[in-house]
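Coordinate analysis (summary)
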Amino acid sequence: MSSRQPRRLAGALALTLALVAGCGSTDSGEESAAAAPETRVFSADNGEITIPAAPKRVVATGYAVPALIEADAPLVGISGWRRGLAMMTEDDLATYNGLEKIAGETAAETNYEAVAKAKPDLIVIGVPKPALADLDMKRLESIAPVVVIGPTVPSAWRELSRRQSDAAGRLGDFETAKAAYEKKAAELAEKYEGALDGVKFGHVGAYGDIAKGTFHREFAGSWGTNIASDIGVTYYGEVKEKGGGALDVTEYPSIEELPDGFAEADAVTYTLESDGSVSEPVQYVLDSKLWKNLPAVKAGKVFPLRYTEAATYGSAIKTLDAIDEALAPLLGR
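Residues numbered from 1 in each chain as written. Predicted model: local features only at pLDDT ≥ 70, side-chain atom pairs only at ≥ 80, totals over all residues. Heavy atoms only, no water.

A few words now on the overall build of the protein chain. The number of helices and strands found in the protein chain is 15 helices and 13 strands. Burial analysis of the protein chain (333 residues in total) assigns 44% to the buried set. Within the protein chain, contacts between residues at least 6 apart in sequence are counted, and of these 66% link residues at least 24 apart. Of the accessible surface of the protein chain, which amounts to about 16,900 Å², a share of 53% is contributed by carbon and sulfur atoms. (Helix = DSSP H or I, 4+ residues; strand = E, 2+ residues; numbered from the N terminus. Buried < 20%, exposed > 50% of the residue type's maximum accessible area, 1.4 Å probe, protein only. Contact = heavy atoms within 4.5 Å. Areas by Shrake-Rupley, 256 points an atom, 1.4 Å probe, with all protein chains shown as cover.)

For the rest of this paragraph, the subject is helix α7 (residues 157–167). For α7, the tally of buried residues reaches 9 of 11 residues, placing the bulk of the element in the interior. Once α7 finishes, G169 follows within two positions and takes phi at roughly 75°, a positive value.

Position of A263 among the secondary structure elements: in the loop between α11 (258–261) and β12 (267–271). On the accessibility criterion, A263 (44% relative accessible area) is partly exposed. Between the alpha carbons of A263 and A296 there is a distance of 8.4 Å; along the sequence they are 33 residues apart. A263 has contacts with Y236 and P295, leaving out every residue within four places of it along the chain.

Right, let's get into the packing of helix α8 (residues 171–191) against helix α15 (residues 313–327). Two elements in contact, α8 and α15, have axes whose closest approach is 9 Å; the angle formed by their N-to-C orientations is 15°. In terms of orientation, α8 and α15 fall into the roughly parallel class. The handedness of the crossing between α8 and α15 comes out as left-handed. The residues of α15 that touch α8, namely those facing F174, A177, K178, A180, Y181, K184, A185, L188 and K191, are Y313, G314, A316, I317, L320, D321 and D324. Tallied by class, residues from the contact of α8 with α15 come to 10 nonpolar, 1 polar and 5 charged. (Axes fitted to C-alpha atoms, helices over the stretch in contact; angles between N-to-C directions. Parallel < 35°, antiparallel > 145°, perpendicular 65-115°, else oblique. Left-handed = near helix turned anticlockwise from the far one by under 90°. Nonpolar A, V, L, I, M, F, W, Y, C, P; charged D, E, K, R; others polar.)

Locating V233 in the fold gives a position in the loop between α10 (226–229) and β10 (234–235). Along the sequence, V233 and E193 sit 40 residues apart, while their C-alpha atoms lie 9.1 Å from each other. Residue contacts for V233: discarding those within four places in its chain leaves L196, F201, A228 and L327.

So, on to the pairing of strand β4 (residues 75–79). Across the 5 residues that make up β4, a large majority, 5, are buried. As paired elements, strand β3 (residues 58–62) and β4 share 3 bridges and run parallel to each other. By the bridge assignment, V59 is partnered in β4 with G77. Since β3 and β4 lie parallel, the crossover through helix α3 (residues 64–70) that links them has a hand, and here it is right-handed. Sheet topology places β4 next to strand β5 (residues 101–103); 2 bridges connect them, and they run parallel. (Pairing = 2+ DSSP bridges. Right-handed = clockwise from strand over helix to strand, strands pointing away.)

This brings us to the confidence of the model for the protein chain. When pLDDT is averaged along the protein chain, the result is 91; 89% of the residues meet or exceed 70. Residue range residues 1–26 is modelled with pLDDT below 50. Its contacts to residues more than four positions away, or to other chains, number 2 contacts. (pLDDT = per-residue confidence, 0-100.)

Before going further, it helps to examine the pairing of strand β2 (residues 47–52). Across 6 bridges, the pairing between strand β1 (residues 39–44) and β2 is antiparallel. Paired with R40 across the bridge in β2 is I51. Where β1 hands over to β2, the hairpin turn is made up of 2 residues, counted between the paired strands.

Further remarks concern a nonpolar patch on the surface. A surface patch of nonpolar side chains, about 300 Å² in accessible area, is lined by Y207, L247 and Y252. On the secondary structure map, Y252 appears in the loop between β11 (250–251) and α11. (Patch = residues over 30% accessible without salt bridge, like charges linked within 9 Å, V, L, I, M, F, W, Y side chains within 5 Å. Salt bridge = Lys/Arg side-chain N within 4 Å of Asp/Glu carboxyl O.)

What follows is about the pattern of salt bridges. Overall, the coordinates contain 16 salt bridges when judged by the stated rule. Across the pair R163 and D45 runs a salt bridge whose closest N-O atoms are separated by 3.2 Å. Of this pair, R163 sits in helix α7 while D45 sits in the loop between β1 and β2; the two residues are 118 residues apart in sequence, bridging distant segments of the chain. On the basis of relative accessibility, which here comes to 18%, the residue R163 falls in the buried class. Where K184 meets D321, a salt bridge forms, and the shortest distance between an N and an O atom there is 3.0 Å.

In this section: the nonpolar core. Counting residues in hydrophobic clusters, the biggest one holds 54 residues, and the most contacted among them are L68, L75, V147, F201 and I231. For this core, the element with the most residues is α15, which contributes 7 residues. Non-local contacts of V147, meaning those with residues more than four positions away in its chain, are made with F42, A44, N46, I49, I51, L122, I123, V124, I125 and A167. Within the second largest apolar cluster, 19 residues are counted, among which are V59, V76, Y112 and A144. (Core = buried A, V, L, I, M, F, W, Y, C linked by side-chain atoms within 4.5 Å.)

So this is what it looks like as structure tokens:
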């Protein structure tokens, strides 16, 4: 044995005794400080909020639900999100079904007792700003830190889901999904580049009001158009008067305005339900003689689109597949 080994053993023993002595002298206040989780300040719609650096128990509502399920966040409670179920993968749907529902489909249906029972260390609210009036924010804030990250224009789901994933400490999963979507979109953009060059599109959305004789016109950046735009589809025109949020990119003109609205359209897309059926407001347009006389319709340049309400990169890949299927006739194959 070398002469250094006994000295090393003695030194290690002295260090161990010193550590034990130090632990014995630490008071309970210092122990609590050492055990306290790390925090950070997060910029949310409701201000600069101090949140856990690595949340362990997250409650999510609204648009945060699909985003945080896809990001594999540590969810312990969610609101309902029936509108997006058809676009979820089997695994994500199983996760959704297995999670405690602490709210219904609207903010007004929040069960505060259920939120408290879930013992979250972070609450992510993903509802539009007007819906916040239906929430008792002070009550939620008494349970856990609350970050509001709500939607604005439909196309903003990209940044919205990034911020929601960031708050939950899951940016890595988000970036993986984003890269997969962008790869798919780039492939389709290349595939349809020649067929879409110089073609002007219009879009009929699913939320017209038959009783009022209106149809739903969606422009670039709206639900029915924003994902198609990523592969090179050009939607021309803009709303006559911006009304904030979705009303910056969509409007509800009278059915009599259909000929003027789509007079310049070389092609028209329209929204299908997730199951492939046509909603009543869209069928109202398709049955109109004004529709049948549109130049694009007469030319057979009409393309129905499914999954237009995707609000995450994962679900939007399903939308890209649907767009690819719908636009295939443009390739003449």
